[in-house]
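Single-letter residue listing:
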Amino acid sequence: MTGLNTVLIVVGLFLIGGIISFVKQGMPKSLIALLSIGAAMCLVAGILRLDYWN
């Protein structure tokens, strides 16, 4: 696991925490959707960069 993998996964998890917080605060759904897309992209990019299947 390289440093970039770790950074992408940590940022994705951080954004998921932000989504949970924003839902509890009643923030607009469009903002929550934007954070969800960003979190999903970070997590997928971090997981795809792992070298476990080579």
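Note that the structure is predicted; figures quoted are calculated from it, not measured.

## What about the environment of Pro28?
Phase 1 of the analysis: Along the polypeptide, Pro28 turns up in the loop between α1 (3–25) and α2 (29–48).
Phase 2 of the analysis: Counting along the chain gives 15 residues from Pro28 to Leu13, while the straight-line C-alpha distance between them is 20 Å.

## Digging into the side chain of Asn5
Phase 1 of the analysis: One can find Asn5 in helix α1.
Phase 2 of the analysis: Setting aside residues up to four positions removed in sequence, Asn5 forms contacts with Gly46, Arg49 and Leu50.

## Let's talk about a nonpolar patch on the surface
Phase 1 of the analysis: Taken together, the side chains of Leu4, Val7 and Val11 present a nonpolar region at the surface, about 230 Å² in accessible area.
Phase 2 of the analysis: Residue placement: Leu4 occurs in helix α1.

Quick notes on the rules
- Counting restarts for each chain, with residues numbered from 1 along the sequence as it is written.
- Totals for whole chains, interfaces and linings use every residue, but because this is a predicted model, local features are given only for residues with pLDDT of at least 70 and side-chain atom pairs only at 80 or more, for both listing and counting.
- To obtain the side-chain values, all non-hydrogen atoms of the structure were included, while hydrogens and water were left out.
- Going along the chain from the N terminus, every DSSP run of H or I of four or more residues is numbered as a helix, and every run of E of two or more is numbered as a strand.
- By definition, residues are in contact when any of their heavy atoms lie within 4.5 Å.
- Patch membership needs two things, relative accessible area over 30% and no salt bridge, and members are linked within 9 Å if like-charged or within 5 Å if nonpolar (Val, Leu, Ile, Met, Phe, Trp, Tyr).
- Surface accessibility in these figures is a Shrake-Rupley result with a 1.4 Å probe; residues are shielded only by whichever protein chains are displayed.
- Salt bridges are counted wherever a side-chain nitrogen of Lys or Arg sits within 4 Å of a carboxyl oxygen of Asp or Glu.

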